[in-house]
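Spelled out from the first residue to the last, the chains are:
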Amino acid sequence: MSPGPRAETPITAAVMAARWVRSAAVDHGRGPDRGRHWEPNPDPRGRSAMAGGRFSLYSGSAGIVLFFLELAAATGHEEYLEDARAGARHLAANWRGRSDLSLHHGLAGLVFALAEAGWATGDDRLCEAARAGADHLARAVRPMDGGVGWTGDPAQRGDGGIVLGLLHAAGMLGVPLYEEIAVAAGERIAGMAVPGHRFGGDSCPDLPTDAVTPGFLSGTAGTAFLLARLYGLTGEERFLVAARRGADFVRTVSLVTERCALVPHHVPQGRGLHYLGFCSGSAGVARMFYELHRVTGDPGDLDWVERLAHGVVQSGVPGRQTAGYWNVACQCCGAAGLVELFVGLWAATGREAHLEFARSLADDIVARATGHDGRGYRWYQAYRRLRPWEVTADTGYMVGAAGIGAALLHLDAAGRASEPRRLVMPPDNPFPAIPVPAALLRDSP
């Protein structure tokens, strides 16, 4: 914990996080058309977690653009919109040549950020760049066993994330062809064997080669989420059947006690390791069950969301660290991802306990910030659980200050029934984009 006064509200803490991100800015060109990117870690003696490319949604400029879009909407300050616009211009000038097409690490994420920035700023050039990038994704689809795809990996780190990106682009940019290609790629995924995806070996050398992951970003839950999304879009039963196969697998391997559920990081070797965050734990898996509830209305799916949330609460966080909740504050595997879960759950259910727990998580996040030197809030953390000596303070969305700031802004937006605003959330977040329960919105003036 850093000495000195703490930010009094989530929005002031987000502003302090923006100061740290801004200290990493690198401008390109001059005048109103200049572009900008942000270094992953501006600490002169630090280094980055290096979890993604310079342009990516995960740890690069695309994610930071999203943060500044939301900060501009929350504060009304034009300079934050200019930050976002400059970052988006740099993305527009550099999206070509991205060999990775995925959502979190590649081109699909850039297309998402460009489309959102174009919509928020009214800059047609950003929308044109988003459309050109989405066209490239559409042209890059290729035949493979069982249908069409890009990487062959059905998980959200692969084809699943690209499908979600194209679905968003179809709606935001008004191009039905993107949806057609996304659905075709989804048909191949629906026909694959679910449950489980092998995640060990070359893709993750820290895991055994035969490890199967039920989690969200790289495992069964994320694929089942995608299939549920496609069912909601098309009404085609085969998508729902495939999503249910994935959900049933997750239920089968989970640890269930009374009203709690915890998901193993991988099976069969890691049954006792329960992550709580987005990438491989409860916060991500809960998104899959909520998406199923959203498109089917089945109360059993919402019950599982509540079980996963209760498991998080009963674990003792944020005051207690566990093997699956260590020295990490970011969106991917830490406290900010849990804030997203509980704010979203409150918006979906209206249960005040969810919002109160989100506030306790946010209080802990702010208390852990470093900001004594006037350079803004950053969070020194061990992004990689198995390398606790690698402590970094990144700027990016899923790994650093931008995403932590975004989670705090989402908490700030919660409960503002008199002045609701739309959140900018990646397409793998199923919770209400206006984080206020429907009953409160109806009752507001």
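Being a predicted model, the structure only gives us computed values, none of them experimental.

(A) Fine view of the overall build of the protein. When helices and strands are counted, the protein shows 15 helices and six strands. A compact globule built from 445 residues would reach a C-alpha radius of gyration of about 22 Å, and the protein, at 20 Å, matches this within 12%. A separation threshold of at least 6 residues defines the contact pool for the protein, and within that pool the share at least 24 residues apart is 64%. For the protein, the accessible surface area stands at approximately 16700 Å², while carbon and sulfur atoms represent 52% of it.

(B) Main features of the pattern of salt bridges. Taken as a whole and assessed by the stated rule, the structure comprises 29 salt bridges. Two residues, arginine 368 and aspartate 364, come together in a salt bridge whose shortest N-O distance is 3.7 Å. Through salt bridges with shared partners, one network takes in Arg22, Asp27, Arg34, Arg36 and Asp83.

(C) Fine view of the packing of aromatic side chains. Tallying each qualifying case throughout the model produces ten aromatic pairs. Three or more aromatic residues joined by ring pairs make a cluster, and in this case those are Trp38, Phe67, Phe68 and Tyr80. Sitting over the ring of phenylalanine 239, arginine 238 keeps its end group 5.4 Å from the ring centre. Directly above the aromatic system of tryptophan 119 lies the positively charged group of arginine 422, at a separation of 5.0 Å from the ring centroid.

(D) Quick peek at the pairing of strand E2 (residues 35–38). Burial along E2 is two-sided: Gly35 and His37 facing one way and Arg36 and Trp38 facing the other are all buried. Bridging between strand E1 (residues 25–28) and E2 involves four bridges; their strand directions are antiparallel. Directly across from valine 26, in E2, lies its bridge partner histidine 37.

(E) View of the environment of glycine 337. Residue position: glycine 337 is located in helix H12 (residues 335–349). You can call glycine 337 buried: its relative accessible area is 3%. Separated by 246 residues in sequence, glycine 337 and leucine 91 have C-alpha atoms that sit 25 Å apart. Excluding anything up to four places from it in sequence, glycine 337 contacts Ala283, Cys330 and Gln331.

(F) Here's a closer look at helix H4 (residues 107–121). Taking 1.5 Å per residue, 15 residues should reach 21 Å; H4 reaches 21 Å between its end C-alpha atoms and fits that length. For H4, the buried fraction is high: 13 of the 15 residues fall into the buried class. Just downstream of H4 lies glycine 122, where phi reads positive at about 75 degrees.

(G) Region of the structure containing the environment of histidine 28. Inspection of the secondary structure assignment puts histidine 28 in strand E1. The partly exposed category is assigned to histidine 28, whose relative accessible area is 28%. Sequence spacing of histidine 28 and arginine 89 is 61 residues, and the spatial spacing of their C-alpha atoms is 9.8 Å. Each residue touching histidine 28, except ones within four places of it in the same chain, is listed here: Arg34, Gly35, Arg36, His37, Arg54 and His90. At a separation of 2.8 Å, a polar atom in the side chain of histidine 28 contacts the side chain of histidine 37.

(H) Spotlight on the packing of helix H1 (residues 10–22) against helix H14 (residues 401–413). Between H1 and H14, the shortest axis-to-axis distance is 8 Å and the interhelical angle comes to 160 degrees. Of the possible angle classes, the one that applies to H1 and H14 is roughly antiparallel. Here H1 runs over H14; the crossing is left-handed. Contacts between H1 and H14 involve Pro10, Ile11, Ala13, Ala14, Ala17, Trp20 and Val21 on the former and, on the latter, Ala401, Ala402, Gly405, Leu408, Leu409, Leu411 and Asp412. When the residues that make up the contact of H1 with H14 are grouped by side-chain class, the tally is twelve nonpolar, one polar and one charged.

(I) Molecular detail of the packing of helix H6 (residues 159–173) against helix H7 (residues 176–190). Where H6 contacts H7, the axes come no closer than 8 Å and their chain directions differ by 155 degrees. By the angle between their axes, H6 is roughly antiparallel relative to H7. For the crossing formed where H6 meets H7, the hand is left-handed. Residue-level contacts link Asp159, Gly160, Val163, Leu166, Leu167, Ala169, Ala170 and Leu173 of H6 to Tyr178, Glu179, Ile181, Ala182, Ala185, Gly186, Arg188 and Ile189 of H7. A per-class count over the contact of H6 with H7 returns eleven nonpolar, two polar and three charged.

The rules behind these values
Residues numbered from 1 in each chain as written. Predicted model: local features only at pLDDT ≥ 70, side-chain atom pairs only at ≥ 80, totals over all residues. Heavy atoms only, no water. Helix = DSSP H or I, 4+ residues; strand = E, 2+ residues; numbered from the N terminus. Rg over C-alpha atoms; globule rule 2.2 N^0.38 Å. Contact = heavy atoms within 4.5 Å. Areas by Shrake-Rupley, 256 points an atom, 1.4 Å probe, with all protein chains shown as cover. Salt bridge = Lys/Arg side-chain N within 4 Å of Asp/Glu carboxyl O. Phe/Tyr/Trp six-rings, centres within 6.5 Å; stacked < 30°, edge-to-face > 60°. Lys NZ or Arg CZ within 6 Å of the ring centre and 35° of its normal. Buried < 20%, exposed > 50% of the residue type's maximum accessible area, 1.4 Å probe, protein only. Pairing = 2+ DSSP bridges. Expected span 1.5 Å × (residues − 1). Polar contact = N/O pair within 3.5 Å; in protein donor to acceptor, adjacent residues only side chain to side chain. Axes fitted to C-alpha atoms, helices over the stretch in contact; angles between N-to-C directions. Parallel < 35°, antiparallel > 145°, perpendicular 65-115°, else oblique. Left-handed = near helix turned anticlockwise from the far one by under 90°. Nonpolar A, V, L, I, M, F, W, Y, C, P; charged D, E, K, R; others polar.

Note that every value here comes from positions in space, so none of it alone points to a role or purpose.
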